[in-house]
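Working through the structure, step by step
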Amino acid sequence: MRIERAPFFRGRFTLPGDKSISHRAAILGAMAEGKTLVRNYSSAADCASTLACLRGLGVGITRQESAVAIDGRGLEAWRPPAAVLDAENSGSTIRMLAGALAGRPFRSVLTGDDSLRRRPVERVAVPLRAMGATVLTTEGRPPMTIDGGRLRGLTYDLPVASAQVKTAVLLAGLQAEGRTTVREPAPSRDHTERMLPAFGVRVERDGLCATVEGGARLRGTDVAVPGDASSAAFLVVAALVLPDSEVRLDGVLLSPTRTAFVDVLRAMGGRVEARLDATDPEPVGSIVASSSSLHGTTVDPALVPSLIDEVPALAAAAAFARGEFTVAGASELRVKESDRIAALAEGLAALGARVRELPDGLVVEGGRPLRGSRVRSHGDHRIAMALSVAALAAEGATEVEGAECVAVSFPGFYALLERARA
Ligand code: S3P
């Protein structure tokens, strides 16, 4: 993808459905009895991977544009898959489905693409084994084989803040004997906890703990998915770093477990406002961002789990901010779709920014003029989008190698960039 400097970035947009919420709506709908209709289902390739895996388990799913209808017949109706379940690039698909499959009395084999087969899944295998499932991984990575069956409830302290692992344990817990409690070291996205009650299941929440009772029966329901909060971050940053710009995003997910990037951008001097329109089951509203003179900041490590996917967008903003921007306590970035710390350092440096890698984060010394260059996505959608946004405000033209991977989370990204700069 070739990106020329943009004169400005303007427009009012609504975004495709949030990826995290779409995965959960599909999985809970497939576990439930009765029909579930998901409106504004994410257009991300990752969320199509979840639907494909669920179909592989015999679940009836029809899709019409952004609406997904799931013919839920309960977990008992899930059938042993005839083939390996391929989560492709999607960590959420493989980890969350592993939890649901741990309680099913058959064998499933889950795998993914080259990137996913390099990522850790032992973190999900450990608690599922403790609940009674037999789970094999390939030196801690996919492919993973799950022989599910009768599970015992568990109280589990998550060693890392991971909403995917938390969700996997809760989905297994719903099928277990007794209660299952997950305690996290720091708050991670809580979409599963917020969505389960709509499916008729009680979740007890107490600080960093979430508890479910085993033997739960889910009832199908309708889910309206708000606009994707992580996609929004890239557009917000584009509006902040370009002159004469303003972007308004309506109907966006404003969960505090996902919008810490807004607070950080504000602390950097960014003119960003979020307005709530609704709060139940998830906070939803609009975000307005306009051209700003940014300065660096140090991100509070306690916030990292609630902005983990937005670090690439923040690093792009930091390249245009005066002074130093530091994020640490984010070693999880090393095991995302790529090593995001290394990929960001490489890409932003190629554009002329001064970036230092930390073992668990990065330091960007911003404010130097960026110039177009050739940069690599490393097959990682969020790296492609972060470098593309930086390229919009860089002098000259940039070639982003492997930019097609944006379809993993935001297929319309480049079309939207075109609309906003014209
Ligand atoms: C997600 C959780 C996060 C995040 C990922 C989506 C989710 O991963 O990075 O993009 O939907 O639960 P971890 O659970 O590995 O932290």
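Data block above holds the structure.
Keep in mind that what you see is a predicted model, and the values were worked out from it rather than measured.

The next thing to look at is the site of the ligand. The full set close to the ligand counts 13 residues, and Ser20, Arg24, Ser162, Asp309 and Lys336 are the nearest of them. Contact distances for the ligand include 2.8 Å between an oxygen atom and a side-chain N or O atom of serine 20. In isolation the ligand offers 380 Å² of accessible surface; the protein chains occlude 95% of this area. If you list the elements that add at least two residues to the shell around the ligand, you get α1 (19-31), α3 (91-101) and α5 (163-173). The residue inventory of the shell around the ligand, partitioned by class, reads 3 nonpolar, 4 polar and 6 charged.

What the 4 strands build is an open sheet, ordered β4-β5-β3-β14; its pairing is mixed. The sheet is open, and its two borders are formed by β4 (60-64) and β14 (222-224), each paired with just one other strand. Going from strand to strand, the sheet's axes swing by 15 degrees on average, the running direction of each strand aside. Here β4 pairs with strand β5 (residues 67-73) via 5 bridges, running antiparallel. Bridging from a neighbouring strand, isoleucine 61 pairs with isoleucine 70 of β5. Each of β4 and β5 touches helix α2 (residues 45-56); the most contacted strand, β4, lies at about 150 degrees to it.

On to the pattern of salt bridges, then. Counted by the stated rule, this structure contains 38 salt bridges. Note that arginine 2 and glutamate 4 form a salt bridge whose closest N and O atoms lie 3.2 Å from each other. In this structure, arginine 194 engages aspartate 190 in a salt bridge whose closest nitrogen and oxygen atoms are separated by 3.3 Å. Arginine 194 gets classed as partly exposed once you look at its relative accessible area, which sits at 26%. Salt bridges here are not isolated pairs; linked through shared partners, they connect Arg119, Arg189, Asp309, Glu337, Arg340, Asp380 and Arg382.

Cut-off values and rules
Residues numbered from 1 in each chain as written. Predicted model: local features only at pLDDT ≥ 70, side-chain atom pairs only at ≥ 80, totals over all residues. Heavy atoms only, no water. Near = heavy atom within 4 Å. Polar contact = N/O pair within 3.5 Å; in protein donor to acceptor, adjacent residues only side chain to side chain. Areas by Shrake-Rupley, 256 points an atom, 1.4 Å probe, with all protein chains shown as cover. Helix = DSSP H or I, 4+ residues; strand = E, 2+ residues; numbered from the N terminus. Nonpolar A, V, L, I, M, F, W, Y, C, P; charged D, E, K, R; others polar. Pairing = 2+ DSSP bridges. Axes fitted to C-alpha atoms, helices over the stretch in contact; angles between N-to-C directions. Contact = heavy atoms within 4.5 Å. Salt bridge = Lys/Arg side-chain N within 4 Å of Asp/Glu carboxyl O. Buried < 20%, exposed > 50% of the residue type's maximum accessible area, 1.4 Å probe, protein only.

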